[in-house]
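Chain by chain, the residues:
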Amino acid sequence: MPSDAGSSWRQVVSWLGVHAPGTAACLRPPVRRADLDFVSALLNRPLPPDLVAWWRMSCGVTGHVGGRLIPPGYAPHDIDGVVDTRESLLETWMEGVPEDDIAALLAQPAGTPVAGWLPVWLPVAGDGGGGELFVDLRSGPLNGCVMRWDKVETAEFDPLWPSVSAMLSDIADALERGVEIDGVRAVVVEDRTLDWH
């Protein structure tokens, strides 16, 4: 059972402070309440409590290279990045899609792979090359799961984590115990930043 998002994130930050201060210096401050309300209203859905807990401690990173916190190389977005990325993907992938088709995809349970982008998906991290991690806010048992987006294969993948809490717990465990996540292990590179190999 994953620990809560707050305690996992504190473990991550503590590890970074000791082992990867270059990445620790990239962490952005907590999100403002008004921004949380804005994003929730934008999606017309409540945000998952574990995502809110994470963002209330730190929301995003400055720079992609030093902020690759999520394996194999995703850097968390700040709120502007979340909103801009979502709008860009919606414009690119949903323009001209019939409303009935969108409604049918929205009716599928969270975690169901889709060829396209849905308005209730919230990008939370990017790899700098067109890949995204997003939280699926459709209803169902996997509401709040973390999924992967690829600019070629879109979102035709199973969820990576059942929740933000599970993701942060896995990252904390990988850092503290040196274990792999999906075939990659945390390394600290020359500039004292975190990377995954």
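In short, a report on the structure. (Residues numbered from 1 in each chain as written. Predicted model: local features only at pLDDT ≥ 70, side-chain atom pairs only at ≥ 80, totals over all residues. Heavy atoms only, no water.)

Attention now goes to the overall build of the protein. Of the regular secondary structure elements, the protein holds seven helices and six strands. In sequence order, the secondary structure elements of the protein are arranged as α-α-α-α-β-α-α-β-β-β-α-β-β. Each principal axis of the C-alpha atoms in the protein carries an extent, and together these give about 50 × 35 × 30 Å. Residues classed as buried in the protein amount to 48% of the 197 residues present. Counting only carbon and sulfur atoms, one obtains 52% of the accessible surface of the protein, whose full area is about 9,200 Å². Across the protein, 14 positive and 28 negative side-chain charges occur, with their mean positions spaced 7 Å apart. (Helix = DSSP H or I, 4+ residues; strand = E, 2+ residues; numbered from the N terminus. Buried < 20%, exposed > 50% of the residue type's maximum accessible area, 1.4 Å probe, protein only. Areas by Shrake-Rupley, 256 points an atom, 1.4 Å probe, with all protein chains shown as cover. Lys, Arg positive; Asp, Glu negative; His and termini not counted. Charge placed at Lys NZ, Arg CZ, Asp CG, Glu CD.)

Okay, unusual backbone geometry next. Along the chain, Pro71 connects to Pro72 via a cis peptide bond; the corresponding omega equals 5°. One non-glycine residue, Thr154, lies in the positive phi region at around 50°. Its location among the elements puts Thr154 in the loop between β4 (145-149) and α7 (164-177). Phi is positive for Arg192, close to 65°, though the residue is something other than glycine.

A word on the nonpolar core. In terms of nonpolar packing, the biggest core is built from 60 residues, with Trp54, Trp55, Ile70, Met167, Leu194 and Trp196 touching the most fellow members. By residue number, the principal contributor to this core is α7, which donates eight residues. Sequence-distant contacts of Ile70, that is, excluding residues within four places in its chain, are made with Trp54, Pro76, Ala125, Leu133, Trp161, Met167, Ile171 and Trp196. (Core = buried A, V, L, I, M, F, W, Y, C linked by side-chain atoms within 4.5 Å. Contact = heavy atoms within 4.5 Å.)

Tallied over the entire structure, the rule returns six aromatic pairs. Where Trp117 meets Trp149, the ring centres are 5.3 Å apart and the plane angle is 90°; that geometry is what we call edge-to-face. Of this pair, Trp117 sits in the loop between α6 (99-107) and β2 (121-126) while Trp149 sits in strand β4, and the two are 32 residues apart along the sequence. Among the residues examined, Trp117 registers a relative accessible area of 0% and is labelled buried. Under the relative-accessibility criterion, Trp149 is labelled buried at 2%. (Phe/Tyr/Trp six-rings, centres within 6.5 Å; stacked < 30°, edge-to-face > 60°.)

The subject of this paragraph is helix α3 (residues 33-43). Looking at α3, one finds that the buried residues are Asp35, Leu36, Val39, Ser40 and Leu43. Buried residues along α3 cover an arc of 135° about the axis, so they all sit on one side. On its buried face, α3 sits against α4 (49-55), α5 (79-94) and β2. Following α3 by one or two positions, Asn44 adopts a phi angle in the positive range, close to 55°. (Arc of directions from axis to C-beta.)

Together, Asp80, Asp84, Glu87, Glu91 and Glu95 make up a negatively charged patch on the protein surface. Counting through the fold element by element, Glu91 comes out in helix α5. On the accessibility criterion, Glu91 (56% relative accessible area) is exposed. (Patch = residues over 30% accessible without salt bridge, like charges linked within 9 Å, V, L, I, M, F, W, Y side chains within 5 Å. Salt bridge = Lys/Arg side-chain N within 4 Å of Asp/Glu carboxyl O.)

What follows concerns the sheet that holds β2. The sheet built from four strands is open, its strands ordered β1-β2-β3-β4 with antiparallel pairing. Both edges of this open sheet fall to β1 (75-76) and β4, since each of them pairs with a single strand only. Across the sheet, α5 is in contact with β2, β3 (132-136) and β4; its angle to β2 comes to roughly 120°. (Pairing = 2+ DSSP bridges. Axes fitted to C-alpha atoms, helices over the stretch in contact; angles between N-to-C directions.)

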